[in-house]
Amino acid sequence: MPSPIAAVIDIGSNSIKILIAQRQQDGQLESLAGHTLDARISTGISHAHPRLGEEGMQRGLDAIRELLCHASAVAAGKVVLVATSAVRDAVNGAEFCRRVRESTGHSIRVLSGDEEANLIGRGLTCDPTLQGLENFHVFDLGGGSLECLGFEHRRIAQVASLKLGCVRLTEQFVPDPASPFSHAQRIALKTHVTTTLHLAGFHFFGSERAAIFAGGSMTTVRAIHGAREGRRMEDEPALVTVEAIQTLLDEISAMSLSERQLIPGLPRGRADVFPAALATMMAIAEAGRLTCFHHSLYNLRWGIADEVLPAKAG
């Protein structure tokens, strides 16, 4: 009897993504398909009382409908919709959830910050390339929040969900995203990230421990590097040095938005917030005295899939 198929739709601040997965006989999860749509439902997320705009909600609803078609095409037995920072922080997040339910018949599970972080951690432990790691840090940068975790003996020892997403920080520190990213803006943003990490009480166990980075921004770093070498993102080394991130940040900071949008590997819909994402990566690296990040594609969606699929096939 074939293993059930799960479709997980992750409604993020900047993009909406689907993972279609199945449990293998050995208990490992297998990705059958994945797709990402840029929707940017989170415009205004940095406001004291953020509200989802009508256009953003419509983009989100359209994206969810399209991704549900992908789930139907493979006859997914379990379909789960989850939302993170943009929806949970919005004063009208419940209204968006109601519209989605009425339009699609599916309810949205709005995750708390701690739930999001813990499910990201669960997803990371599904990554076969990380099976040998016992003690490590995990960072997942989204549009609305940054999830930080510390693992001891493959168990989560500390969690911090911080309002440091790249869309949020761009709204706060970059008055004109169409212009180059100035040195003053970079310093102000990095100082804010460092201070927020400190005030949250997140501590680094030591620079000798591995640091795992998940999320679309690091995927984009690898995609840009791969495009320059004529390789697919998946064929680009998963170990990304902090030096390489700094070089890329210096390069794109001098560019206007229209110039950034022409960079191979950089999605046009991410070009306005990408400088803030890179600066956030650098702030984390400097705070932890890190020299590299290991990029993993096993993230929140994998954690949800691991949660809802039976432990073993059959």
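Before reading on, note that the structure itself is shown above.
> Sorry if this is basic, but what is going on with the side chain of R186 here?
Tracing the sequence through the fold places R186 in helix α6 (residues 183–199). What makes R186 buried here is its relative accessible area of 13%. At a separation of 3.2 Å, a polar atom in the side chain of R186 contacts the side chain of S253.

> Would you explain the sheet that holds strand β1 (residues 5–11) in this entry?
In a beta sheet, neighbouring strands are held together by backbone hydrogen bonds and run either parallel or antiparallel to one another. Pairing is mixed across the open sheet formed by five strands, whose spatial order is β3-β2-β1-β4-β5. Two strands in the sheet have a free side with no partner beyond their single neighbour: β3 (29–38) and β5 (108–110). The sheet shows a mean angle of 20° between the axes of neighbouring strands, direction not considered. Bridge analysis of strand β2 (residues 15–23) against β3 gives nine bridges, and the strand direction is antiparallel. Looking across to β3, one finds that I20 is bridged to A33.

> What am I meant to see in the pairing of β2 here?
Working note: regular strand, side chains alternate between the two faces of the sheet. The buried fraction of β2 is high, at nine of nine residues. Residues S15, K17, L19, A21 and R23 of β2 are buried on one face, and the alternating residues I16, I18, I20 and Q22, pointing to the opposite face, are buried as well. Relative to β2, β1 runs antiparallel, the two being bridged by seven bridges. Looking at the pairing, V8 lines up with L19 of β2.

> Please explain the pattern of salt bridges as it appears in this structure.
Side chains that differ in charge, positive against negative, can pair when their charged atoms come close. All told, the structure shown has 18 salt bridges when counted by the stated rule. Through salt bridges with shared partners, a single ionic network connects E54, E95, R98, R99 and E102.

> How do you make sense of the packing of helix α1 (residues 54–73) against helix α3 (residues 93–104) when you look at a structure like this?
How two helices pack is summed up by the angle between their axes together with the distance between the axes. Direction vectors running N to C along α1 and α3 enclose 40°, while the axes themselves pass 11 Å from each other. Crossing hand, α1 versus α3: right-handed. Contacts between α1 and α3 pair E54, M57, G60, L61, I64, R65 and L68 from the former with F96, R99, V100, S103 and T104 from the latter. The class makeup of the residues in the contact of α1 with α3 is six nonpolar, three polar and three charged.

> Got a minute to help me understand helix α8 (residues 242–253) in this structure?
Residues that lie three or four places apart on an α-helix share one face, since the helix turns once every 3.6 residues. Relative to the 16 Å expected for 12 residues at 1.5 Å per residue, α8 spans 16 Å between its end C-alpha atoms, a close match to the ideal helical length. Buried residues of α8: V242, I245, L248, L249, I252 and S253, and no others. Along the axis of α8, the buried positions cluster into a sector of 125°, meaning they face one direction only. Looking at the buried side of α8, the elements it contacts are α6, α7 (216–228), β10 (239–241), α9 (257–260), α10 (274–288) and β11 (292–295).

> Honestly, the packing of aromatic side chains in this entry has me stumped. Any pointers?
How two aromatic rings sit relative to each other is given by the distance of their centres and the angle of their planes. For the coordinates displayed, the defined rule picks out eight aromatic pairs. On the numbers, 5.5 Å between centres and 90° between planes, the contact of F202 with F204 is edge-to-face. Accessibility classification places F202 together with F204 in one group, the buried group. Summarising the aromatic geometry, the rings of Y298 and W302 are spaced 4.1 Å apart at their centres and angled 35° between planes, so their arrangement reads as tilted. According to the relative accessible area criterion, Y298 is buried, its value standing at 17%. With a relative accessible area of 8%, W302 lands in the buried category.

> I'm lost on the pairing of strand β4 (residues 78–83) in this one. Help?
For β1 and β4, the ladder comprises six bridges, and the chain directions are parallel. Along β4, the bridge assignment pairs A7 with V79. In the sheet, β4 pairs with β5 via three bridges, with the strands oriented parallel. Bridge assignment links A83 to a residue of β5, and that residue is V110.

> Where do I start with the packing of helix α4 (residues 113–124) against helix α11 (residues 300–308) in this structure?
At a minimum axis separation of 6 Å, α4 and α11 run at an interaxial angle of 80°. The orientation of α4 with respect to α11, classified from their angle, is roughly perpendicular. On the side of α4, the interface is formed by E116, L119, I120, R122 and G123, while α11 contributes L300, W302, G303, I304, D306 and E307. Of the residues that constitute the contact of α4 with α11, the class distribution is five nonpolar, two polar and four charged.

Cut-offs applied
- Residues numbered from 1 in each chain as written.
- Predicted model: local features only at pLDDT ≥ 70, side-chain atom pairs only at ≥ 80, totals over all residues.
- Heavy atoms only, no water.
- Helix = DSSP H or I, 4+ residues; strand = E, 2+ residues; numbered from the N terminus.
- Buried < 20%, exposed > 50% of the residue type's maximum accessible area, 1.4 Å probe, protein only.
- Polar contact = N/O pair within 3.5 Å; in protein donor to acceptor, adjacent residues only side chain to side chain.
- Pairing = 2+ DSSP bridges.
- Axes fitted to C-alpha atoms, helices over the stretch in contact; angles between N-to-C directions.
- Salt bridge = Lys/Arg side-chain N within 4 Å of Asp/Glu carboxyl O.
- Left-handed = near helix turned anticlockwise from the far one by under 90°.
- Contact = heavy atoms within 4.5 Å.
- Nonpolar A, V, L, I, M, F, W, Y, C, P; charged D, E, K, R; others polar.
- Expected span 1.5 Å × (residues − 1).
- Arc of directions from axis to C-beta.
- Phe/Tyr/Trp six-rings, centres within 6.5 Å; stacked < 30°, edge-to-face > 60°.
- Parallel < 35°, antiparallel > 145°, perpendicular 65-115°, else oblique.

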